[in-house]
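Coordinate analysis (summary)
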Amino acid sequence: MTVKKFLSNRPFRAILRAAAICTALCLTLTACGASSEAPSQSSAAVYDAAEEKASDAYSVGTTGDAGAAAGGNSALYPQGAAEGRKIIYTADLYMESIDFDTARTALLDAVTECGGYLESTDQGGRAESGSRYISCTARIPTDRYRKFLEFAGECANVRSLSENTQDITTSYVDVEARLTALKAQRDRLNALAEKAETTSDLLEIESQLSDVQYQIESYTAKLRVMDDQVECSTVNIYLDEVRSLTPTPVTFGEQLLTAVQRGWNDAVDGVQGLIIGLVSIWPLLILLAVVLVILRLTRPWRRARKSKPCGKLKQDLDAPQQPENK
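Residues numbered from 1 in each chain as written. Predicted model: local features only at pLDDT ≥ 70, side-chain atom pairs only at ≥ 80, totals over all residues. Heavy atoms only, no water.

**Section: the packing of aromatic side chains**
To be explicit about the condition: Any Phe, Tyr or Trp ring, taking Trp's six-membered ring, that has another such ring centre within 6.5 Å forms a pair; planes under 30 degrees apart are called stacked, those over 60 apart edge-to-face, and the others tilted. Here a strand is any run of E in DSSP of at least two residues, a helix any run of H or I of at least four, and the numbering for each starts at the N terminus. Burial classes: relative accessible area under 20% of the type maximum marks a residue as buried, over 50% as exposed, and values in between as partly exposed (1.4 Å probe, protein chains only). In this analysis the charged atom, NZ for Lys or CZ for Arg, is taken to sit over a ring once it is within 6 Å of the ring centre and within 35 degrees of the ring normal.
Applying the stated rule across the entire model yields two aromatic pairs. Ring centres 4.6 Å apart and planes at 15° place the aromatic pair Y94 and Y238 in the stacked group. In this pair, Y94 is assigned in strand β1 (residues 87-97) and Y238 in strand β5 (residues 232-241), connecting sequence segments 144 residues apart. Taking relative accessible area as the criterion, Y94 reaches 36% and is therefore assigned partly exposed. Directly above the aromatic system of Y172 lies the positively charged group of K86, at a separation of 4.7 Å from the ring centroid.

**So, the confidence of the model for the chain**
Counted only if it meets this: Each residue carries a pLDDT score, the predictor's own confidence in it, on a scale running from 0 to 100. The contact rule is simple, with two residues in contact once any of their heavy atoms fall within 4.5 Å.
Looking at the chain as a whole, its pLDDT mean stands at 74, while 65% of the residues score no less than 70. Helix α2 (residues 10-76) is the least confidently modelled element of the chain, averaging 44 in pLDDT, while strand β3 (residues 133-141) averages 93, the highest of any element. A low-confidence stretch, residues 32-81 (pLDDT under 50), is modelled with one contact involving residues beyond four sequence positions or located in other chains.

**A short note on the packing of helix α5 (residues 169-195) against helix α6 (residues 199-231)**
This is how the line gets drawn: Lines fitted to C-alpha atoms define the axes, with helix axes restricted to the stretch in contact, and inter-axis angles between N-to-C directions lie between 0 and 180 degrees. Working rule for angles: under 35 degrees goes down as roughly parallel, over 145 as roughly antiparallel, 65 to 115 as roughly perpendicular, anything else as oblique. Left-handed is the label given to a crossing in which the near helix is rotated counterclockwise from the far helix by less than a right angle, and right-handed is the label when the rotation is clockwise. Each residue receives one of three labels: charged for Asp, Glu, Lys and Arg, nonpolar for Ala, Val, Leu, Ile, Met, Phe, Trp, Tyr, Cys and Pro, and polar for the others, Gly being one of them.
In contact at an axis separation of 9 Å, α5 and α6 are set at 155° when each is read in the N-to-C sense. One finds that α5 runs roughly antiparallel with respect to α6. For the pair α5 and α6, the crossing hand works out as left-handed. Residue classes in the contact of α5 with α6 are distributed as 15 nonpolar, seven polar and six charged.

**Looking at the sheet that holds strand β4 (residues 157-167)**
For clarity, the threshold we go by: Note: two strands are recorded as paired if DSSP finds a minimum of 2 bridges between them.
Read from one edge of the open sheet, five strands run β2-β3-β5-β1-β4, paired in mixed fashion. Unpaired on one side and paired on the other, β2 (117-124) and β4 mark the two borders of the sheet. Strand-to-strand, the axes of this sheet are offset by a mean angle of 10°, without reference to chain direction. Pairing analysis gives eight bridges linking β1 to β5, with the strands arranged parallel. Within the sheet, the bridge partner assigned to S97 lies in β5 and is E241.

Given below as structure tokens:
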């Protein structure tokens, strides 16, 4: 077979055509891949560059913002700002003790040692019945407030303690601002009073000055009260004399035992009070006894006296009636 016949053979031509088509497809795919790869590399480079710039810009911006924020915080909330707040502390302390005199003396000594004073005191009861009590209001410097509560807890048995805090910083700052504004207004009015040319103008300025001065004194007094409440805490103390300390009930049995003991103590106190009350009215009891004895002795005489008229009346009824003379 010659070469010409071989090349003109139909199967061979089909093979050549298929090979040409495959070669063309490979070249097309390669070109597309190369073209797509180049843009992707450039896009990655651009993205990396943009990311680097953004990172630099963020780091610079963050540093600046952080410094500004730190400066702002340090200006608004300086170190120790919490210590400068105006807070009022109030406590209610309920206590009991078997040795009332010792506990009362220890409490008063604790008030003195902490630099405080008693604002009011109320005490009563009798030592014979073991019912003495003392109720007082103590003003304690705020920096010794917590220490005083510790001292008081060692003087007697603490039954309950309730504490209350009131932050008046906002009100205090508001009063200070109003006071500053009023003082500035007073200065302006004084300056106008010096330049007043007529009597009517001077009188009007003095009237305004009087009103402003009254408000200044009012706000100044309010600030003094606030300062006193903040500088000295208020502790209301209640101390009772008892025969036995109140245990802390934990279980139902202990609570029941406490209730029984309390009921027995109340019953004994009631009987003792009744006996003391009866003894205190002994003259009246003696007089009542004399009256009862007299009534007892005169009872037969009174009974006989009542029976005589009845007997006579019966005789009159039983007697035969005589016929009347016609």
